Each structure stands twice: as C-alpha cells, then as structure tokens.
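# Commentary on secondary and tertiary structure
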Amino acid sequence: MTFTPIDKAARATPPAMARRIRGLSDRTIAWIFVAPSIFLLLAVNIFPLIWTIRLSFTNFRVNRPNNDVEWVGLRNYQRILTDEGTWATMQATAHFLIWTIVLQVLIGFALAFLINKKFRGNDLWTTIIVFPMMLSPAVVGNFWTFLYQPQIGLFNYVVAFFTGADPASFSMIGDVMLAPWAIVIADTWMWTPFVMLICLAGLRSIPNSIYEAAECDRASKWRQFWTITIPMVLPFLMLAVLFRGIENFKMFDLVVQLTGGGPGNTTTLTSIDLKREAFEKWRTGYSSAYAVILFVTVFGLASIYVKALNKVKER
Amino acid sequence: MAEVKLEQVGKSFGATRALDSVTMTVPDGSFVVLLGPTGAGKTTTLRLIAGLDLPDAGRISIAAQDVAGLSPAQRDVAMVFQQYSLYPHLSVRQNLEFPLKSPILRTPPAEIARKVGEVAEILQITHKLDNKATALSGGEMQRVSIGRALVRNPAVYLMDEPLSSLDAKLRADLRVELKSIQANSGATLLYVTHDQIEAMTMATHVGVLDQGRLVQFGTPRDLYENPVSVYAASRLGQPRINILPAALFGGAPDRAAQIGLRPEQIRQGEGENSLVERVERLGDQTRLHLNLRDHPIVTVTNAHTDLRPGDIVKIRPQNPFYFDATGARIP
C-alpha cells in the first residue's frame, strides 16, 4: 500500500485534533476561510460608510468632541443642495471630467492607432509616451506651474509661437477663464498614455485575419475602421472612460498642487471642497452629508455605465 | 469567372522557402484542388493569389491581367479562411451581408436578403442567422465563412480547408453542394485540402505540392493512374499505395529501387506467399493486412472473404509502378 502526502498528513495528526477537525462541515470550513476578508471589509469599508451616513444627520464637529451632538435630520443635505458654492464646484468638476475624458479618449485612441502600425522603434515610442503616467501627481502639478509661468513658462512660449500673442499677456493659472483649462491640459498630458495603453490592448486583440477577410470582402480602409476597428475596441474604450471618470471625480493632488483650487473657486473640484469642509472648517456632519451625496452620485453613474458596458460587450 | 495563371512564383518567409518557382494554370471554370501536407505551400499559394501576401518572384495573372500591385479588393477574389475569420461582433446575417454591402457593388437590399437566405439554406444555417458569430460551434462558423464567399460572384473562389471541422455527414452534403454550385455557376475555384476524398470527388484538376514545389498537376484520374513520384502516388488512394523494395518481387527494371502497389495492382491467388495478419470488414469491402517477408502490405479483397488471420495468401504485382532511388517514377 502506498501513501500520498495527504494520507501521511492525516496519519500524523493527533487523534484528538483529528476528531475535532472531522467534526467540521464543509460549510464551516468555507466560513473559516472567508471570515478574515469579511472582517476586513466590514472594518474598513462598511462600518465607516454607515458611520458617515449616521454623522450626516448631525451637527457633529470632530475638533469639538465635547460639544453636545444634535440630531439635525436632513438639514445638512438641504443646505448643501441649495448652496450656490456647491453647485459651482459641481460645475467645475463636470467641466474637468467631461473635457479630460473627451480629450484623453480622442488623443489616446489616435496615439494607440498610430503606435499599433508596424514601424521601427514603436516599442521605444510606447515607453516614452507612457512616461508621464509614472510620475507622481504632485511632481506633475509642480512642474506644470512652471510651464504655465507667464514670464519663463515654456507653455506660454509655445502658445505664443503659434498664435503670435505676447507670452506674458496671459496666465493659465491666474486667469479665471483659463484656469479650468489649465488643469484639463495638465491632467490630459499625464493620463492620455493610460487611455492609449488600454486602446492599444483593444487594437492588438483584433486578429489580423479579420482585416484580411474584410480586405477580400472589398471593404475600404474607411469601412474597416468603422465596422471592425471601432466596434471591437469600443468595450476597451468604455473601460478606459470608466477608469478615468472615477479617477477624475476624485481628483485632488494634481489640481491642489497646480492651482490650489483658485483663482477664486474656479478650479475647486468637489473633492477639494469636501476636504476644506471636513478638515479646514471641521464641519464633520455637513461634510459627511456632502460625502454621501457624492458617493450616491458616483455609484449611480457608475452602475448605469457598467450596465451599458456589459451591453456593448454582449453585442 | 476567370483563368488564374502562376508563372515561376516564389515566396520565402525569412529562411523558409514557402513556394519555389510554381507554374500553374487554373483554367476558367475549373475546380482545382491543391493537395499536400502541412507546410507544402498550399495556403501560401491562395494568399498570393488573393493578394494578402506578395510574391518574391514570378507573375500572377487573373483573367489575363497581371495582378501585381492590385489589392485583394481589386482582384475580386472571395476567400474562405481556415481559421474562419468571422466578424465576431456581428450576427451571422450581418457577416453574410458584409461583402454585399460593399459600396462598390451597390446591391439593393431585397437582393441582399434573397442572396443571404439562399446561401444560408444551402449551408443549413438558416436557423442561426440572428445568432452572434461567436455563439456558434466550429462547424457552424466554418459554414458561415463559406457562405460569406458564396454570396458573392467573384472572379475566383479561394477556399482554405473549408470543410475540415464539419462532421462526416455534413461534409459529404457540402461536398456535393459546393461541386454543384461551382459546376452550375461556372466559377473558377481553387481549393486547399488534406482530404483525398474531397480531391477525388470535386476536382477537375489536382495540384500536388511538396515543400513549396508543384510536383504534379492534372486530372484526379491522371494523378491516380500516372503518379510522377512516390510522393505524388501517396497523396491519392484509399488504402494508401504500398511502397516496397523493388527486389521483393522479380521482374523489376534495372534502376528500380522501389515498387508501388495499389490494391488493384495486387493480384491474389498466385505468386509469393504472404501471411494474413488482420482482416478489416468495412461492409462494402474487406481490407487485408498482409505480411510478406516482414514487409506490411494493405490490400482489398472480396467483402465476403473467408480469410482469417494466420491464413496464407499468394500475391503478385500486376502492372505496378516502379520508382528509382530518388523516388521518381520509372516509366
């Protein structure tokens, strides 16, 4: 008779312990394995969420722990949703979100399309293009403030070179009209490579033989692009939009470093606003309500979007 | 409908020589089958004619027009790919419509619908028309792939093992269908296969490829009865031709190194003694596995034979093929 390692292990187990283990059902063992994950999830995700929702109905201030906490019902929500400042912030966020996504998808896809053509050194180019993504957002924010500098900034000189305007006549971060675009440009510079990589994965997933079949079926390059390339890359593209959308809804570091939310409140995105309410003004109850509103918004939009994404994938 | 002409066509992929100076004329309205094992250059030949790859040397012409520099679309060829190459995000119907919706053709919608319905019926995929192309079995995908070529009326059909993943019955059905479509429409069809039954039943001409060279081109009967080499003789015939040392039987010509015996070239009942090792009863015929001085021989006998393993059968060659040491036929 031969013994497998499992048989040997079974034999080596002391009888008392073996009896106890044998008493466990498969279900119990399954619970033992998943319990640590469930505990962690509850501790760092679910509990804070429930606690935040609870706090959002109070006037609690975390810097005044000894004050009486008053139950205020929906007053925090009412104040946020009727506050003009909040809506201005939301608008700034929407502007940032929409334009970064549009620009990054268009440029990212175009770059991926070009890089996907077979030419010498395209791997090297991919590495170079991907470089901005590897930098810290704080570093990127910091050096873009130099690029945007009216007197010495390279950006202003490049614009001046093409338009003939005086480089010192405008300030990307100082101007109320230009600042929202300044953050869009910096974010696009940094994150277009990410969209490009995902699009490239999509393009590489299309087998060459499908283009050959289309070629024999007498489809023009133009028709191949619209009936094969675009539909087959679309799920990847939508995934990129989802990632960038969620990321940029939470955008904080790059913009804080670049404009600090200014001038005025023109580049104060919701996450920056929320941070000020919570940790500068210490209005914990109010900011909790704010956070809940944002959570519901993102969660709702993302769910609708994921449903659409799945539909595209099934097509 | 057009004649396809290859003159001294060569193609290499890196160090491998895929095609070596192939000269062949595919007559207008013929059904040409290219035979040969993997790597013989069959698919390469199709791809060069389609214009998906460009030859390193030689000339290809379709309907007497040199096609060098023409795109696959301009050459007006329809190709069935071995790996199907369906458009995965489209339905079966959309896949079949795709070639007809080319702006060059301007086919009216009613005509497209009629054509697609007709082809779907022939290929027995009517009930799958609204499925997604990826929700099909391998055999169904292959039929859609054939359908995508058949909806058109190209100068040449190029088919790369189009029946390889179908089950036996469907394959037999489609063999008949393809042959009658080709015969009725007068289309020129170039067909690649491993399957000698497909070659024998459908081809008007068979081309045998060996390591990139066209070793023989002719009618299936010609190829069967007059093979130029051991290699060509081994392509056709079921059971396969027996290749034995020429000295095994008397009467071989001087230069002969090998003797080739198809079952009908083995006369039973006289000559050398051979031992019956196995008897395979296939119903319409019975195959005998014989052993003649340690050389295995397979032949065919009467379906109702009483022979059993261990019996002795006398055999002798009858109008055999003789081949020299290089494998070339000695006339």
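Residues numbered from 1 in each chain as written. Chains lettered and ligands numbered in written order. Predicted model: local features only at pLDDT ≥ 70, side-chain atom pairs only at ≥ 80, totals over all residues. Heavy atoms only, no water.

### A word on the domain arrangement of chain A
Often the size quoted for an interface is simply the accessible area lost on bringing the parts together. Residue and element names in this part refer to chain A. Formally: For every domain, the bounds stem from an assignment made automatically or drawn from a database. In what follows, a contact means two residues having at least one pair of non-hydrogen atoms within 4.5 Å. The buried area of a pairing is the accessible area, by a 1.4 Å probe, that goes missing from both parts when the two are put together, added over both.
Considered domain by domain, chain A is made up of domain 1 (14–55) and domain 2 (75–314). Distance between the C-alpha centres of domain 1 and domain 2: 40 Å. Counting residues at the interface gives four residues for domain 1 and seven residues for domain 2. If you sort the residues of domain 1 by the area they bury against domain 2, Leu49, Thr52 and Leu55 come out on top, with a joint share of 82%.

### A word on the packing of aromatic side chains
Within a pair of aromatic rings, the relevant descriptors are the distance that separates the centres and the angle that separates the planes. Residue and element names in this part refer to chain A. Selection criterion: Under the pairing criterion, centres of Phe, Tyr and Trp rings, with the six-membered ring standing for Trp, must be within 6.5 Å; the plane angle then separates stacked pairs below 30 degrees from edge-to-face pairs above 60, leaving the rest tilted. Secondary structure is summarised from DSSP: a helix means a run of H or I of at least four residues, a strand means a run of E of at least two, and numbering begins at the N terminus for each. Relative accessibility decides the category of a residue: with a 1.4 Å probe and only protein chains considered, values under 20% of the type maximum give buried, values over 50% give exposed, and everything between is partly exposed.
Evaluated as defined, the whole model comprises 22 aromatic pairs over all chains. On the numbers, 5.5 Å between centres and 85° between planes, the contact of Phe143 with Trp189 is edge-to-face. Taken together, the residues Phe143 in helix H7 (residues 137–147) and Trp189 in helix H9 (residues 179–204) connect sequence positions 46 residues apart. Relative accessible area serves as the criterion here: at 28%, Phe143 is assigned to the partly exposed category. A relative accessible area of 33% places Trp189 in the partly exposed class.

### Looking at the interface of chain A and chain B
Rules: Just to be clear on terms, a salt bridge is a Lys or Arg side-chain nitrogen sitting within 4 Å of an Asp or Glu carboxyl oxygen. Three residue categories are used. Nonpolar comprises Ala, Val, Leu, Ile, Met, Phe, Trp, Tyr, Cys and Pro, charged comprises Asp, Glu, Lys and Arg, and polar comprises the others, including Gly.
Listed as interface residues are 18 residues of chain A and, on the opposing side, 26 residues of chain B. Between chain A and chain B, the buried area comes to about 1,900 Å², and carbon and sulfur atoms account for 58% of it. Ranking the residues of chain A by area buried against chain B places Cys216(A), Asp217(A) and Arg218(A) at the top, with a combined share of 38%. Summed over the shared surface of chain A and chain B, the result is three salt bridges. Classifying every residue of the side of chain A that touches chain B by side-chain character gives eight nonpolar, two polar and eight charged.

### Describing the layout of surface pockets
Residue and element names in this part refer to chain A. Stated precisely, the cut-off is as follows: Here a cavity denotes grid points, spaced 1 Å and computed from the protein atoms alone, that fit a 1.4 Å probe unable to get out, and a pocket denotes an open set having protein on both sides within 12 Å along at least 5 of 7 lines; residues with an atom within 4 Å of a point are the lining. Grid points are joined across faces, edges and corners, and a volume is the space filled by probe spheres set on the points.
Roughly 670 Å³ of volume is contained in the largest pocket. Forming the boundary of the largest pocket are 15 residues, of which Lys117, Asn208, Tyr211, Lys221 and Gln224 lie nearest the centre. Of all the secondary-structure elements, those providing two or more residues to the lining of the largest pocket are helix H5 (84–116), helix H10 (208–216) and helix H11 (221–249). Looking at the lining of the largest pocket, its residues break down into six nonpolar, four polar and five charged. What the second largest pocket holds in volume is close to 430 Å³. Here the lining of the second largest pocket takes seven residues from helix H14 (residues 284–314), the largest share from any one element.

### Topic: the sheet that holds strand E2 (residues 16–26) of chain B
Residue and element names in this part refer to chain B. Filter applied, for reference: DSSP calls a pair of strands paired once it identifies at least 2 bridges connecting them. An axis is simply a line fitted to the C-alpha atoms; with a helix, the fit covers only the stretch in contact. Between two such axes, the angle follows the N-to-C directions and lies from 0 to 180 degrees.
Within the open sheet, the four strands sit side by side as E2-E1-E4-E5. Their pairing is antiparallel. Strands at the two margins of the open sheet, each flanked by one partner only, are E2 and strand E5 (65–66). Where strand E1 (residues 4–13) meets E2, seven bridges bridge the pair, whose relative direction is antiparallel. Paired with Lys5 across the bridge in E2 is Thr25. Here helix H1 (residues 42–50) sits on the sheet in contact with E1, E2 and strand E4 (57–62), set at roughly 115° to E1.

### A look at H9(A)
Residues and elements named next belong to chain A. Note the following rule: Each helix should span, by expectation, one fewer than its residue count multiplied by 1.5 Å. Fitting axes to the seven residues that end at a residue and to the seven that start at it, the angle between those axes gives the bend at that residue.
Over its 26 residues, H9 extends 37 Å from the first C-alpha to the last, a length consistent with the 38 Å expected when each residue adds 1.5 Å. At Trp191, H9 is deflected by roughly 40°, the largest bend along its length, and proline Pro193 occurs up to four residues later in sequence. Burial within H9 is extensive, with 19 of its 26 residues counted as buried.

### Points about empty space enclosed by the protein
Overall, the coordinates contain one cavity of 30 Å³ or more when judged by the stated rule. Approximately 40 Å³ is the volume attributed to the largest cavity. Lining the largest cavity are Ala213(A), Cys216(A), Asp217(A), Ala78(B), Met79(B), Phe81(B), Arg148(B) and Ala149(B). Elements represented by at least two residues in the lining of the largest cavity include exactly H10 of chain A together with strand E6 (77–80) and helix H5 (138–150) of chain B.

### Things to note about the domain arrangement of chain B
Residue and element names in this part refer to chain B. Applied cut-off: By the criterion applied in these results, polar contacts are pairs of N or O atoms within 3.5 Å in which, for protein atoms, one can donate a hydrogen and the other can accept it, and in which residues neighboring in sequence qualify only through two side-chain atoms.
Parsing chain B into structural domains produces domain 1 (4–234) and domain 2 (263–330). Each of domain 1 and domain 2 has a C-alpha centre, and the two are 37 Å apart. Interface area, domain 1 with domain 2, both sides summed: about 520 Å², of which 54% is carbon and sulfur. Together, Tyr224, Pro227 and Val230 form the three largest contributors to the area buried by domain 1 at its contact with domain 2, with a combined 60%. Where domain 1 meets domain 2, there are zero salt bridges. Viewed at the interface, domain 2 and domain 1 are joined by four residue pairs in polar contact (both at pLDDT 80 or more). Going through the elements one at a time, helix H8 (220–225) and helix H9 (230–235) are the ones with two or more residues in the side of domain 1 that touches domain 2.

### Quick notes on the side chain of Thr145(A)
Residues and elements named next belong to chain A. Looking at the element boundaries, Thr145 is found in helix H7. Overall, Thr145 belongs to the buried group, its relative accessible area being 17%. A polar contact is formed between the side chain of Thr145 and the backbone oxygen of Asn142, at a distance of 2.4 Å. The contact partners of Thr145, leaving out residues within four places of it in the chain, are Ile173, Gln257 and Leu258.

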